[in-house]
Amino acid sequence: MNKRLPILLASTLALAISTQASAADDRYIIKFKEGKGPAVKAMMENNGGRSALALEKRNAMAANLPAKALNALRNNPNVDYVEQDVKRYPMAETVPFGIPMVQADQVIDAMAGNQTVCIIDSGYDIAHEDLSGNNVTGSFDSGTGNWYTDENHHGTHVAGTIAAISNGVGVVGVNPNGNLKLHIVKVFGADGWAYSSSLVAAADECASNGASVINMSLGGTFKSRTEDQAFADLYANQNILSIAAAGNDGNTRHSYPASYDSVVSVAAIDSNKVVADFSQQTDQVELSGPGVDVLSSVPVGAGLSTTLTVGGNAIEASGMEDSPMGTGSGALVDCGLGESTCADATGKVCLISRGNISFAEKVQACEAGGGVAAVVYNNEPGMLFGTMGGVATGIPSAGISDTDGAALLGQLGASTTLAIEASDYAYYNGTSMATPHVAGVTALVWSHFPSCTASEIRAALDNTAEDLGAAGRDNAYGYGLVQAKDAVDYLTANGCGGSSGGSSSGGSSGGGSGKPCKGKNCTK
Ligand code: CA
């Protein structure tokens, strides 16, 4: 199966794969010789094949094929090749700390109306206060429905990073003044995957709608010739720079479309400019962007806002994914590891250490003891982002850092309130969140030099990235953190052609790490 996923949280991703990879799923892309489309289609249908999608601009079609039709097509002289129609999924996880980090606040976006960023994702919540004022168009897709709704939430988060409006509420994006043009192509519904052929069709739809930059916070393990050729064509012949997520599997494998030569592969770094442990490290990684704890827009009411106060002081807390909304108030009680019913918790807020069992079991132990809310503190450095993993609980729950946990152990009995409420914003983690930082910067920089080519803009971004990790390009960070102002200064000084015409060639370093789960989908 060759699929493209939104680079979403790992558990969501696994679910999507397991439920979709059924035996009946025999969809292929058929590449035929110029002018032979009708003949090939007729032959395919005579052998029991069913057309799924025409790719007229690619002399190709996607179809569901029984074995008979597959064999007939593979032996047909009018057919160049038949390949599995692999799937594409959206990619996700977590702040506008990224906006100054990429120098977006140092470059004016007044000219951004000469650029169009096309977002291929799960749609765009047009009702959102930070997105409704944008210069945005979209394409209707019979498979996924209206582009201006977002059942998956991923696309709306990506869009906010590129262009959330500076309006005094919510967040701001890389291009915050509503000047940048956006075009939305919705390839992901609520369940979140698409075929590679759908991605090719979407990219062509972007081109037809004037895109200069394509944002693809998505990917999959297997490559597709059709995709490879399409993105190469868009880059070389249609002056479009495609930006895609390096992948969230924390290994050294390539993900596609990010790893085609014509596509910029983006790694995720945190607020300390350290590569995320989930970010895939490969010789195709080209640039890095903020991709850990990224705050952006989500469809109205789809986010959670978490507030924890202890003894009148606010403590940074992250609501557990799948936690019910609500407020719990009471004295703070120590429940240790929460491995059995928490004694003396009636009407209190449980403080529990991470470790040994799942977060859901710990929250249940609190609830069984009469607790009204549960706070789990990390047992390793850093904030705890956790999930109930779909387990229903009756009390609100949240994670906090190891250091806050240690401090709160000294405040047992203090009046504590945990409130989890609906919000229009959320923190996500993922190379999916790094990608729109780079795509937004690409358009912002390009808007100041509209006569430069896609490859010239790409070279300027590579040449001016803030080198991170091993000196020079490396597989974890590529050339480093994308820098908007430095790229503008470089092009101002050197012109479109740059000082030496930057190029990308590989180095190698690093590998995945097997550290404890730090993503939003940690269950224990
Ligand atoms: Ca705003």
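Use the structure listed above.
Numbering of residues begins from 1 in every chain and follows the order in which that chain's sequence is written. Where local features are concerned, this predicted model is filtered to residues with pLDDT of at least 70; where side-chain atom pairs are given and counted, the filter is 80 or more; whole-chain, interface and lining totals use all residues. Remark: hydrogens and water are excluded; side-chain values derive from all non-hydrogen atoms of the structure.

Draft legend 1. How the structure looks around the overall build of the protein. Each helix corresponds to a stretch of at least 4 residues labelled H or I by DSSP, and each strand to a stretch of at least 2 residues labelled E; elements are numbered beginning at the N terminus. Assigned secondary structure in the protein consists of twelve helices and 25 strands. The buried label applies to any residue whose accessible area, calculated with a 1.4 Å probe on protein chains only, is under 20% of its type's maximum; exposed applies above 50%, and partly exposed to all values in between. A burial count over the protein gives 59% of its 524 residues as buried. All accessible-area figures derive from a Shrake-Rupley calculation using a 1.4 Å probe, and residue coverage is judged against the displayed protein chains alone. For the protein, the computed accessible surface area is about 18,600 Å², with 49% contributed by carbon and sulfur atoms.

Draft legend 2. Spatial organisation of the environment of Gly-328. Its location among the elements puts Gly-328 in strand 20 (residues 326–334). Expressed as a C-alpha distance, the spacing of Gly-328 and Gly-347, which sit 19 residues apart in the sequence, is 8.6 Å. Pairs of residues are marked as contacts when any of their non-hydrogen atoms sit within 4.5 Å. The contact partners of Gly-328, leaving out residues within four places of it in the chain, are Val-349, Val-372, Ala-373, Pro-396, Thr-416, Thr-417 and Leu-418.

Draft legend 3. Broad picture of the state of the cysteines. Any cysteine sulfur atom paired with another within 2.5 Å is treated as part of a disulfide. Scanning the model with the defined rule gives four disulfides in all. Between the sulfur of Cys-118 and that of Cys-206 lies a disulfide, 2.0 Å long from S to S. Disulfide Cys-118 to Cys-206: torsion about the S-S bond roughly -70°, handedness left-handed. One end of the pair, Cys-118, is in strand 7 (residues 116–121); the other, Cys-206, is in helix 6 (residues 196–208), with 88 residues separating them in the sequence. Taken individually, Cys-118 and Cys-206 each receive the classification buried, so the pair is uniform in this respect. Between Cys-452 and Cys-496 runs a disulfide, and the two sulfur atoms are separated by 2.0 Å. In this structure the cystine formed by Cys-452 and Cys-496 twists about its S-S bond by roughly -85°; its chirality is therefore left-handed. In this pair, Cys-452 sits in the loop between helix 10 (431–448) and helix 11 (454–464) while Cys-496 sits in the segment after helix 12 (484–494), placing the two residues 44 residues apart along the sequence. Residue Cys-496 is classed as partly exposed on the basis of its relative accessible area, which comes to 22%.

Draft legend 4. Seen up close, the coordination of the calcium ion. Donors, by definition, are the N, O and S atoms found within 2.8 Å of a metal, the threshold being 3.2 Å for Na, K and Ca, and water is not counted, so a site can look incomplete. The coordination sphere of the calcium ion, as far as protein atoms go, consists of Asp-130 (OD), Asp-130 (OD), Ile-165 (O), Asn-167 (OD1), Val-169 (O) and Val-171 (O), spread over 2.2 to 2.9 Å. Every angle between 85 and 135 degrees makes a four-donor site tetrahedral, while opposite donors more than 155 degrees apart, with all other angles between 65 and 115, make a four-donor site square planar and a six-donor site octahedral; other sites are irregular. The coordination sphere of the calcium ion comprises six donor atoms, whose angles at the metal cover 49 to 170°; the geometry is irregular. On the primary sequence, the residues serving as donors to the calcium ion are separated as D-x34-I-x1-N-x1-V-x1-V.

Draft legend 5. A look at the packing of helix 10 against helix 12. Contact geometry of helix 10 with helix 12 gives a least axis separation of 10 Å together with a crossing angle of 30°. One way to sum up the angle between helix 10 and helix 12 is to call them roughly parallel. In the packing of helix 10 onto helix 12, the handedness of the crossing is right-handed. Packed against helix 10, whose contacting residues are Val-441, Leu-444 and Val-445, the element helix 12 presents Ala-484, Ala-487, Val-488 and Leu-491 at the interface. Class assignment for the residues of the contact of helix 10 with helix 12 results in seven nonpolar, no polar and no charged. Interaxial angles span 0 to 180 degrees and are taken between N-to-C directions of axes, which are lines fitted to C-alpha atoms, for helices over the stretch in contact. Oblique is the label for any angle not under 35 degrees, not over 145, and not in the 65 to 115 range, which are roughly parallel, roughly antiparallel and roughly perpendicular in turn. In a left-handed crossing the near helix is turned counterclockwise from the far helix by less than a right angle, and in a right-handed crossing that turn is clockwise. Gly is put with the polar residues, along with every residue not named as nonpolar or charged; the nonpolar set is Ala, Val, Leu, Ile, Met, Phe, Trp, Tyr, Cys and Pro, and the charged set is Asp, Glu, Lys and Arg.

Draft legend 6. Geometry of the sheet that holds strand 14 (residues 263–269). Pairing in this open sheet of seven strands is parallel, and the strands run 8-9-7-11-13-14-15 from one edge to the other. Both outer strands of the open sheet, strand 8 (135–139) and strand 15 (285–290), are each paired with one neighbouring strand and no more. Averaged over all adjacent pairs, the angle separating strand axes in this sheet is 25°, with direction ignored. On top of the sheet, helix 11 reaches strand 13 (241–245), strand 14 and strand 15; it is set at about 65° to strand 15, its chief contact. Any two strands between which DSSP finds at least two bridges are classified as paired.

Draft legend 7. Quick peek at the packing of helix 2 (residues 37–46) against helix 3 (residues 67–74). At a closest axis distance of 8 Å, the pairing of helix 2 and helix 3 adopts a crossing angle of 145°. The hand of the helix 2/helix 3 crossing is right-handed. Along the contact surface, helix 2 presents Val-40, Met-43 and Met-44, while helix 3 presents Ala-69, Ala-72 and Leu-73. The residue inventory of the contact of helix 2 with helix 3, partitioned by class, reads six nonpolar, no polar and no charged.

Draft legend 8. How the structure looks around unusual backbone geometry. The omega torsion across Tyr-256 and Pro-257 is 15°, close enough to zero to call that bond cis. Turning to its location among the elements, Pro-257 is positioned in the loop between strand 13 and strand 14. Even without being glycine, Asn-239 reaches a positive phi, approximately 60°. Positionally, Asn-239 belongs in the loop between helix 7 (225–238) and strand 13. Residue classification places Asn-239 among the partly exposed positions, given a relative accessible area of 33%. Positive phi, close to 55°, is recorded for Asp-293, a residue that is not glycine. Its place among the elements puts Asp-293 in the loop between strand 15 and strand 16 (294–297).

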